[in-house]
Amino acid sequence: MNLTRVSDGHLPDVFLVSDDGIGLHAFIAFGDRRRVPSFGGIRRRRYESPAEARREAERLARQMQRKLCAAGVGRGGAKTVVMDHDGLDRRAAYEALGRAIASLDRHYVCGPDVGTTEADLDVIRGVTANVNHPDNDPAATTARGVFLSCLTTVARLGEDAALEGARVVVEGLGAVGGRVARELVRAGARVEAYDVDGERTAEVAATLKITLIDDGVPPVERLCDLFVPCALGGVVTRTNVGRVGARAICGSANDQLESDDLASVLHECGVLWAPDFIVNAGAVVEGVIAHGRDRADVADEIAIALEAIAARLDGIFEAADGGACGPLFHALELAGEGWD
Ligand code: NAD
């Protein structure tokens, strides 16, 4: 296994982890090398090129840094991206990643992300202790923070606005989206959902008794009160921003906007966007609180931290209400960034 720093002194700080024998090509990116330890998940999916994978690692590490800073957690944000392909020896790849993480010149606590399961993390646990606490439930804590944020978001849509009776479109019925959809149904929302994985969608949707979308209209363009993106990022693009069908957007997907400037366009169009790095902080906040401690001892602390996500979002909406700058501006201020 080769571990090489490939960044040139600028942030994010990036390392390449490679091992031709097992087909491993991965990037580990750090949003701020001065903050330790760093926290962030491992994403494994197919990429067109190493450059595309590296760009995604960098973008997501920046988002993680924003997430932690906005949540008032003085730790580093990181992200690992593994290039998936038919020839990848998955077990050996996670083992090699574990060795790379253990040998880094900093403390990096890795966790799950799209494509990485608890079984994959168990492989890493065999090599290093720098892994998310095994008793944590990242999808559940993320979903809790997202659902509470959905309540806050819909309440901002008008005097009598409530989830009960609201038209909601959920994109992605995976670990987080499935849980959020269940809570939305329980709250009385009229939920429609779309997922590219038709087979599992049918099963989950049947259990939740929700309507499946299959008429070709993209979820982001459907007329509704609330759009809940819980699949991959980049759902609002330069091309579709004028056709967003929801009055508000609040979901778990990381990096929902193709670029930050689209937040201003949404604000000008009157679409209330809940910044993703505020809303989906549940898992990493849980990871930071539980790291090196007994999970059962910190359950109350984690529950309070999840409630704080929705309160933080409400403060951001309040600051943006009626002003020229939308929620992203105020969320970035909270993260200590301001506009780029
Ligand atoms: P997951 O892999 O369990 O679920 C993702 C779902 O989205 C899958 O069912 C997949 O079939 C579906 N999907 C993929 N591409 C799609 C598309 N183009 N349109 C519709 N559906 C599509 O992942 P997850 O853990 O539920 O995470 C969902 C999102 O939330 C991701 O963006 C992730 O980065 C983010 N997030 C997750 C956590 C966590 O703790 N799991 C924390 C923070 C952020």
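From a predicted model like this one, the values you see are computed outputs, not experimental measurements. (Residues numbered from 1 in each chain as written. Predicted model: local features only at pLDDT ≥ 70, side-chain atom pairs only at ≥ 80, totals over all residues. Heavy atoms only, no water.)

## A closer look at the packing of helix α4 (residues 138-155) against helix α10 (residues 299-320)
A packed helix pair is summarised by two numbers, namely the angle formed by the two axes and the spacing between the axes. In contact at an axis separation of 9 Å, α4 and α10 are set at 35° when each is read in the N-to-C sense. Along this stretch, α4 crosses α10, giving a crossing that reads as right-handed. On the side of α4, the interface is formed by Thr141, Arg144, Gly145, Leu148, Ser149, Thr152 and Thr153, while α10 contributes Ile302, Leu306, Glu307, Ile309, Ala310, Leu313, Asp314 and Phe317. Tallied by class, residues from the contact of α4 with α10 come to seven nonpolar, five polar and three charged. (Axes fitted to C-alpha atoms, helices over the stretch in contact; angles between N-to-C directions. Helix = DSSP H or I, 4+ residues; strand = E, 2+ residues; numbered from the N terminus. Left-handed = near helix turned anticlockwise from the far one by under 90°. Contact = heavy atoms within 4.5 Å. Nonpolar A, V, L, I, M, F, W, Y, C, P; charged D, E, K, R; others polar.)

## Concerning the sheet that holds strand β1 (residues 2-5)
One open sheet holds the six strands; their spatial order is β1-β2-β3-β5-β4-β6, and the pairing between them is mixed. The open sheet has two edge strands with one neighbour each: β1 and β6 (108-112). Each strand of the sheet is rotated relative to its neighbour by a mean of 20°, with strand direction disregarded. Across the sheet, helix α2 (residues 90-103) touches β1, β2 (13-19), β3 (24-30), β4 (38-45), β5 (76-83) and β6, and the angle it forms with β3 is around 35°. (Pairing = 2+ DSSP bridges.)

## Looking at the pairing of strand β8 (residues 190-194)
Across the two faces of β8 the burial differs, with Val191 and Ala193 buried and Arg190, Glu192 and Tyr194 not buried at all. Alignment of strand β7 (residues 167-171) against β8, held across five bridges, turns out to be parallel. Within the sheet, the bridge partner assigned to Val170 lies in β8 and is Ala193. With respect to chirality, the unit in which β7 leads through helix α5 (residues 175-186) into the neighbouring parallel β8 is right-handed. Of the pairings in the sheet, the one linking β8 to strand β9 (residues 211-212) comprises two bridges and is parallel in character. Among the inter-strand pairings, Glu192 is bridged to a residue of β9, identified as Thr211. Where the polypeptide runs from β8 across helix α6 (residues 198-208) and back to β9, its parallel neighbour, the crossover connection is right-handed. (Buried < 20%, exposed > 50% of the residue type's maximum accessible area, 1.4 Å probe, protein only. Right-handed = clockwise from strand over helix to strand, strands pointing away.)

## Comments concerning the nonpolar core
Of all hydrophobic cores here, the largest spans 58 residues; its most connected members are Val168, Val170, Leu184, Leu226, Val228, Val236 and Leu266. Apart from residues lying up to four places away in sequence, Val236 is in contact with Val220, Val241, Ile249, Gln256, Leu257, Glu258, Leu262 and Leu266. Val17, Ile22, Leu88 and Ile101 belong to the second-largest nonpolar core, a separate cluster that totals 25 residues. (Core = buried A, V, L, I, M, F, W, Y, C linked by side-chain atoms within 4.5 Å.)

## Here's the deal with the pairing of β6
With respect to burial, β6 is a largely interior element, four of its five residues being buried. Pairing of β4 with β6 involves five bridges; the strand directions are parallel. The residue of β6 that forms the bridge with Ser38 is Tyr108.

## Re the site of the ligand
Neighbouring residues of the ligand: 24 residues in total, closest Val176, Asp195, Arg200, Ala231 and Ser252. Between an oxygen atom of the ligand and a side-chain N or O atom of Asn254, the distance comes to 2.9 Å. Coverage of the ligand by the protein chains reaches 80% of its 820 Å² of free accessible surface. Mapping the ligand onto the cavity grids shows that it belongs to the largest pocket. For the shell around the ligand, the elements supplying multiple residues, two or more each, are α4 and α5. By residue number, the principal contributor to the shell around the ligand is α4, which donates three residues. Looking at the shell around the ligand, its residues break down into 12 nonpolar, six polar and six charged. (Near = heavy atom within 4 Å. Polar contact = N/O pair within 3.5 Å; in protein donor to acceptor, adjacent residues only side chain to side chain. Areas by Shrake-Rupley, 256 points an atom, 1.4 Å probe, with all protein chains shown as cover. 1 Å grid on protein atoms, 1.4 Å probe; cavity = no way out; pocket = protein on both sides within 12 Å on 5 of 7 lines; lining within 4 Å. Sits in = over half its atoms within 2 Å of the grid points.)

## What to know about the layout of surface pockets
Roughly 1200 Å³ of volume is contained in the largest pocket. Residue lining of the largest pocket: 46 residues in total, with Pro112, Asp113, Val114, Ala175 and Val176 positioned closest to the centre. (Points joined across faces, edges and corners; volume = space filled by probe spheres on them.)

## Regarding the side chain of Ser18
Note that Ser18 resides in strand β2. On the basis of relative accessible area, Ser18 is assigned to the buried category, the value being 12%. For Ser18, the residues in contact, after removing those within four places along its chain, are Met1, Asn2, Leu24 and His25.

## Looking at the pattern of salt bridges
Summed over the entire model, instances satisfying the criterion amount to 31 salt bridges. In this structure, Asp197 engages Arg200 in a salt bridge whose closest nitrogen and oxygen atoms are separated by 3.1 Å. When its relative accessible area of 31% is taken as the criterion, Asp197 is described as partly exposed. Given a relative accessible area of 38%, Arg200 falls into the partly exposed group. Salt-bridge contacts for Arg222 lead to Asp215; the nearest nitrogen and oxygen are separated by 2.8 Å. Residue classification places Arg222 among the buried residues on the basis of a relative accessible area of 12%. Judged by relative accessible area, which is 46%, Asp215 ranks as partly exposed. (Salt bridge = Lys/Arg side-chain N within 4 Å of Asp/Glu carboxyl O.)

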